[in-house]
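Observations on the three-dimensional arrangement
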Amino acid sequence: MLLTLALLSLVLLLAYRFYYNTYTYWARMGVPHERPLPVIGNTKGIGSKYHLRDISQWIYDKFKGQAPIAGMFLFFKRTAVVTDLDLIKLKTLRKHPIISQLLRETNESYKVPNTEIIIEKGTSLLIPVHSIHYDPDLYPQPELFDPSRFEADKSNSRHPFAYLPFGDGPRNCIGLRFGKMQAKISIVSLLQRFKFGASDPTEIPLVLDTRSPTLAVKHGIHLKVERIDLEFY
Ligand code: HEM
């Protein structure tokens, strides 16, 4: 009897620890979030045709402008709703810089600080953007898609050249703002009309074409695209 009670208490204690650790995650991270119900998490919108979209739409409307990310829980799964699309773009271009190396030529000789190395005038320089973007000292767990890395305080704490999808200096991309705006409009208009997912021929991870001078995949990107019913939105 005593043993049963002890076991029961242990199970209850472990369950409590689990729920506590799970459902206080966003509060501990200081991220504004929708308060979850025990065990089932956030339920608003469940039951309607596109409930996941309903829930994320509702969270988005509620927290937009307050923080770049808002939190919610789908059952036990902590889920971030990105309320600032710029974070997604910034992050995507870190993982997939279209031009993965920049070229420069020195117009005067340059001594590399704290070394005896001199780069002579007229030397070609290759700046490995892709490798910089995957440097774990700059971006811990570089394979992880974590838009919060680009929140203002974290971005400002990194070296300005730690992020170079548009290059930098006097010859950087002149279409930077236009390119970002185009991408934002395309993402929004596509996601309003279509749902994207993996299909049988989708390669995960994608195989890159190593012969292409810009970022390109070898066998194409095959996605399943479904039109979604707009009448709910
Ligand atoms: C997401 C979209 C884009 C990306 C990722 C991108 C990226 C880049 C990069 C990495 C460079 C080289 C910068 C350097 O060497 O420091 C560059 C240069 C350039 N980009 Fe873009 N670009 C984008 C969109 C555009 C658009 C929309 C335009 C024009 C409307 C444009 C026009 C240019 C031009 C003219 C240069 C050469 C600048 C120079 O050499 O002075 N780009 N871009």
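Quick caveat, the model's predicted, so the values are computed rather than measured.

1. A look at the overall build of the protein
When you go through the protein residue by residue, the secondary structure sums to 7 helices and 8 strands. In terms of overall size, the protein is more extended than a compact globule, its C-alpha atoms giving a radius of gyration of 24 Å where 233 residues would be expected to give roughly 17 Å. The contacts of the protein with a sequence gap of at least 6 include a subset with a gap of at least 24, amounting to 52%.

2. Looking at helix α1 (residues 2–23)
Here α1 is 22 residues long and its end C-alpha atoms lie 31 Å apart, about the 32 Å a rise of 1.5 Å per residue gives. Burial of α1 is sparse: only 0 of the 22 residues sit out of reach of the surface.

3. Observations concerning the site of the ligand
The environment of the ligand is formed by 16 residues, the closest being Ile99, Gly167, Cys173, Gly175 and Gly179. In terms of residue class, the shell around the ligand is made up of 9 nonpolar, 5 polar and 2 charged.

4. A word on the domain arrangement of the protein
Each domain of the protein was delimited in the assignment, giving domain 1 (2–82), domain 2 (84–173) and domain 3 (177–233). Here the C-alpha centroids of domain 2 and domain 3 sit 24 Å apart. At the interface, 8 residues of domain 2 touch 7 residues of domain 3. Split by residue class, the side of domain 2 that touches domain 3 holds 5 nonpolar, 2 polar and 1 charged.

5. A short note on the environment of Pro36
Within the fold, Pro36 resides in the loop between α2 (25–29) and α3 (51–63). Given 23 C-beta atoms within a 10 Å radius, Pro36 is considered buried. Those residues within four positions of Pro36 in sequence are excluded, and the remaining contacts are Tyr23, Gly41, Asn42 and Phe73.

6. Overview of the nonpolar core
Within the largest apolar cluster, 7 residues are counted, these being Ile55, Ile59, Phe63, Ile69, Ala70, Met72 and Phe73. At the level of secondary structure, the elements contributing two or more residues to this core comprise α3 and β1 (69–74). Counting residues per element, this core draws most heavily on β1, at 4 residues. Discounting residues that sit within four places of it in the chain, Ala70 has contacts with Val31, Pro32, His33, Ile59, Phe63, Val81 and Thr83.

7. Remarks on unusual backbone geometry
Residues Ile204 and Pro205 are joined by a peptide bond in cis, for which omega reads -5°. Counting through the fold element by element, Pro205 comes out in the loop between β7 (194–198) and β8 (223–227). In this structure, Asn114 is a non-glycine residue whose phi angle is positive, near 65°. Turning to its location among the elements, Asn114 is positioned in the loop between β4 (110–111) and β5 (118–119).

8. Structural notes on the UniProt feature "binding site: heme" (unreviewed entry) in the protein
In the numbering used here, UniProt assigns the "binding site: heme" (unreviewed entry) feature to Cys173. Along the chain, Cys173 falls in the loop between α6 (152–157) and α7 (176–193). For Cys173, a count of 14 C-beta atoms within 10 Å corresponds to the partly exposed category. Ignoring anything within four residues of it in the chain, the contact list for Cys173 reads Phe166, Gly167 and Gly179.

9. Considering the pairing of β8
Of all the 5 residues making up β8, 0 are buried; the element is thus mostly uncovered. By the bridge criterion, 5 bridges tie β7 to β8 in an arrangement that is antiparallel. Looking at β8, one finds that Lys195 is bridged to Glu226.

10. Describing the environment of Ile40
Here Ile40 shows up in the loop between α2 and α3. Considering only alpha carbons, one finds Ile40 and Gly220, 180 residues apart in sequence, at a separation of 39 Å.

Definitions and cut-offs
- Residues numbered from 1 in each chain as written.
- Predicted model: local features only at pLDDT ≥ 70, side-chain atom pairs only at ≥ 80, totals over all residues.
- Helix = DSSP H or I, 4+ residues; strand = E, 2+ residues; numbered from the N terminus.
- Rg over C-alpha atoms; globule rule 2.2 N^0.38 Å.
- Contact = placed C-beta atoms within 7 Å.
- Expected span 1.5 Å × (residues − 1).
- Buried ≥ 20, exposed ≤ 12 C-beta atoms within 10 Å, placed from the backbone.
- Near = placed C-beta within 6 Å.
- Nonpolar A, V, L, I, M, F, W, Y, C, P; charged D, E, K, R; others polar.
- Domains from an automatic or database assignment.
- Core = buried A, V, L, I, M, F, W, Y, C linked by C-beta atoms within 7 Å.
- UniProt positions renumbered as here; feature names shortened; annotations may be inferred.
- Pairing = 2+ DSSP bridges.

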